[in-house]
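# Residue-level structural notes
This is what each chain is made of:
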Amino acid sequence: DNPPVNNAFLTIEHILSRLDDVTLGTGITSPFYYSKKTLVGTVEYFIKNYGKRFILGLGFGRKKSFFDSNKRLDFRQFQSYTLELVETVRRRLKKNNLQDSFSYAIGGLGNCISKFAILNADIFLVNSASKYDLKRINKIFNNFDDKKKSQVFLYSMLEIQENKELVSLKLWNIIREIARN
């Protein structure tokens, strides 16, 4: 979700408002793109209107996208901001007895974000299907048997293609690579 060009929230709302039997979420929305008030209000809107059918997906994003003239944001800031954001959302939803409807995902690939997601998020979005990365993530996941909280989902961005044969071929190749691993 890279505002203002591509706002996943608009697309998700459009689909959820028309289809009753789907669950959708953002992929990796960086909490640094939006103010906390904007994200909390957006999540609250989705949960009130669509309940468990909406999942907030968070991730660090591209580091170079968050350069501030005074400092560079780091992973510790992402961790504290994410936990604070999730706690704020839960407090707001609790006022309307909707706290059980909120799920969130953390996506990424590095060791730090993997550990953070496994220990904190409802869903860990792994954005790779390579044999190396899946083995590495599996090892990290198994190290936290008694503490882990997340389900692990493979996540990938597919570029939009006009040619349906290219889309089918790309999906086939992804599925084949997953099956091999």
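Structure: see above.
Note that the structure is predicted; figures quoted are calculated from it, not measured.

Criteria and thresholds
Residues numbered from 1 in each chain as written. Predicted model: local features only at pLDDT ≥ 70, side-chain atom pairs only at ≥ 80, totals over all residues. Heavy atoms only, no water. Salt bridge = Lys/Arg side-chain N within 4 Å of Asp/Glu carboxyl O. Helix = DSSP H or I, 4+ residues; strand = E, 2+ residues; numbered from the N terminus. Buried < 20%, exposed > 50% of the residue type's maximum accessible area, 1.4 Å probe, protein only.

Glancing now at the pattern of salt bridges. Applying the stated rule across the entire model yields six salt bridges. Among the salt bridges present, the one from Lys 48 reaches Glu 44, with a minimum N-O distance of 3.7 Å. With Lys 48 and Glu 44 both in helix H2 (residues 36-50) and four residues apart, the pair spans about one turn of that helix. By relative accessible area, which is 10% here, Glu 44 ends up buried. A salt bridge links Asp 122 to Arg 90; the nearest nitrogen and oxygen atoms lie 4.0 Å apart.

Quick look at unusual backbone geometry now. In this structure, Asn 97 takes a positive phi of about 55 degrees despite not being glycine. Secondary-structure assignment places Asn 97 in the loop between helix H3 (75-95) and strand S3 (103-108).

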